[in-house]
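Residues per chain, in single letters:
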Amino acid sequence: MDTSETQSITTPAEDEELVAAFETCILTAVPMVLRSAVELGIIDLLAREGGASAQLSPSQIAAHLGIANPDAPRTINRMLRLLASFSYLSCTLHGDQSLYGLGPKSKYFVSSEAGSFAPLLRFLQHKTLINSWYGLQEAVKNGGGLFENANGTNIFEYAGKDPALNTVFNNGMESPTPLYMNKILESYRGFEGAKTIADLGGGVGQNLRLILDKFPNLRGILYDLPHVIKDAPAHPRMERVGGDLLKSVPKADILFMKVIFKSSHP
Ligand SMILES: C[S@@+](CC[C@H](N)C(=O)[O-])C[C@H]1O[C@@H](n2cnc3c(N)ncnc32)[C@H](O)[C@@H]1O
C-alpha cells in the first residue's frame, strides 16, 4: 500500500486535544503522588543526596529512607516516573535502570527557609479538603459551601476545633510566603512613609514579619482568629491580636490583606 496516499483521520490539533483530554482523567494522580513523595522524604532526599545534577535509583532511595519492603523500589520507580513525565523530576535511563534527581518544579517542594510549596500541598491534599470536592454537584443543585456542606462549618471555624488541621492549615499558608513576598517587597513602594500596618487575616504573621524586617520604622498589628494568633511567633515590632475581622478591625495607617476570601458559596 502506498502510504503517501493514506488519509489522516484526525488533525494534529485534534490529536493534541485527545491526549490532553485523556491526561485530565489521570491528573489527580500528580499532586497525590507528589504529596506522597514529599511525605516519604523523597524530595528532600534528592535535594540532600542527589544535589543539582546527581541522581539516585529507586533502590538507593528506598535504602536511604530505610524502607525494607522488597516491592518499594518498583513502586517508587512508578511514582517518580510519573513525576518526571510532568517535569517535577529529572530522569536518566542507564540500561533498564532509571535514575532520578530534582527537576524544574520539584525545587519548590524541598523543605527550605527560603519557602516551599510542600506544606501548602499537604494542606490542599488533606483528606478533609479533598472529601469536600465530592459535594460540588450537590452545592450547585441545593446551595451551600463545599466545605460547610461536608463538615458542618467553614474551614476557619473547623480549624479552630481541630488543632492538627489548624497546624497543617497555618503551615500551608506560611511556608510558601517568602517565594513571592520577597519579590513583591523588592519593587512595591506602598509601605514607605507609613508608621503602622495591620495585617487582617494575617495567619501566623508570615507576611507581616517580612514587611517589618524590610521597613525598620514600621510597627505592625497581626490580626487573625484567636486559634491562629496563639501559634504566631513573636516579632519585636509586632502586636498579636485575636479577633474577628467581620466584626471589627484595628486602626493603622495601612490595612493589609492577602489571600482573604470569605464567602458562603463554594
Ligand atoms: C487563606 S489564609 C491567608 C493567610 C495570610 N493572609 C497569607 O496570605 O498567607 C486566610 C486567613 O484568614 C483568617 N480569617 C478567616 N476568617 C477570619 C475572620 N473572620 N477574622 C479574622 N481572620 C480570619 C484565617 O484564619 C486565615 O489565617
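Residues numbered from 1 in each chain as written. Predicted model: local features only at pLDDT ≥ 70, side-chain atom pairs only at ≥ 80, totals over all residues. Heavy atoms only, no water.

If you check an unreviewed UniProt entry, the chain appears there as O-methyltransferase domain-containing protein from Eucalyptus grandis.

Some details on the overall build of the chain
Looking only at helices and strands, the chain has 14 helices and six strands in total. Taking 266 residues into account, the globule formula puts the C-alpha radius of gyration at 18 Å, and the chain, at 23 Å, lies well above it. Counting only C-alpha atoms, the chain reaches 80 × 50 × 40 Å along its principal axes. Counting the 266 residues in the chain, one finds 39% classified as buried. (Helix = DSSP H or I, 4+ residues; strand = E, 2+ residues; numbered from the N terminus. Rg over C-alpha atoms; globule rule 2.2 N^0.38 Å. Buried < 20%, exposed > 50% of the residue type's maximum accessible area, 1.4 Å probe, protein only.)

What to know about unusual backbone geometry
Residues other than glycine seldom take positive phi values, yet Ser87 does so here, at roughly 65°. Tracing the backbone shows Ser87 in the loop between α5 (72–85) and β1 (89–94). A relative accessible area of 35% means that Ser87 is categorised as partly exposed. One non-glycine residue with positive phi stands out, namely Val259, at about 55°. Inspection of the secondary structure puts Val259 in the segment after β6 (254–256).

Quick notes on the UniProt feature "domain: O-methyltransferase C-terminal" (unreviewed entry) in the chain
Under the local residue numbering, the UniProt record ascribes the feature "domain: O-methyltransferase C-terminal" (unreviewed entry) to residues 133–261. Secondary structure content for residues 133–261 is 44% helix and 15% strand, while the C-alpha to C-alpha distance between its ends is 18 Å. (UniProt positions renumbered as here; feature names shortened; annotations may be inferred.)

Digging into the site of the ligand
In the vicinity of the ligand, 16 residues are found, and the nearest of them are Gly201, Gln206, Asp224, Asp244 and Lys258. With respect to the ligand, the side chain of Asp244 contributes an N or O atom lying 2.8 Å from a nitrogen atom. (Near = heavy atom within 4 Å. Polar contact = N/O pair within 3.5 Å; in protein donor to acceptor, adjacent residues only side chain to side chain.)

Quick look at the environment of Leu83
As for its position among the elements, Leu83 is in helix α5. Leu83 sits in the buried class, given a relative accessible area of 0%. Here the alpha-carbon distance between Leu83 and Gly201, two residues 118 residues apart in the chain, equals 34 Å. With near-sequence residues (within four places) excluded, Leu83 lies in contact with Val30, Val33, Leu34, Ala37, Tyr88 and Leu89. (Contact = heavy atoms within 4.5 Å.)

A closer look at the environment of Leu65
Counting through the fold element by element, Leu65 comes out in the loop between α4 (58–64) and α5. Residue Leu65 is classed as partly exposed on the basis of its relative accessible area, which comes to 25%. Distance from Leu65 to Leu18, taken between C-alpha atoms, is 39 Å for residues 47 residues apart in sequence. What Leu65 contacts, discounting residues up to four positions off in sequence, is Leu40, Gly41, Ile42 and Leu45.

Some details on the domain arrangement of the chain
Partitioning the chain into structural domains gives domain 1 (12–108), domain 2 (112–174) and domain 3 (177–256). Computed from C-alpha atoms alone, the centre-to-centre distance between domain 2 and domain 3 is 23 Å. Each partner contributes residues to the interface: domain 2 has twelve residues there, and domain 3 has twelve residues. Summing the contributions of domain 2 and of domain 3, the shared interface buries around 940 Å²; its carbon and sulfur component is 55%. Contact with domain 3 buries area across many residues of domain 2, yet Asn166, Asn170 and Glu174 alone supply 47% of it, more than any other trio. One can count one salt bridge joining domain 2 with domain 3. Element by element, the count of residues in the side of domain 2 that touches domain 3 is highest for helix α11 (residues 163–174), at four residues. Considering only residue class, the side of domain 2 that touches domain 3 consists of five nonpolar, five polar and two charged. (Domains from an automatic or database assignment. Buried area = accessible area lost by both parts, 1.4 Å probe. Salt bridge = Lys/Arg side-chain N within 4 Å of Asp/Glu carboxyl O. Nonpolar A, V, L, I, M, F, W, Y, C, P; charged D, E, K, R; others polar.)

Observations regarding the pairing of strand β2 (residues 97–102)
The element β2 is extensively covered by neighbouring structure, given that five of its six residues are classed as buried. In terms of strand pairing, β1 meets β2 through six bridges, oriented antiparallel. By the bridge assignment, Leu89 is partnered in β2 with Leu102. In textbook terms, the turn of a hairpin is the stretch between consecutive antiparallel strands, and for β1 and β2 this stretch comprises two residues, one of which, Gly95, has a positive phi near 65°. (Pairing = 2+ DSSP bridges.)

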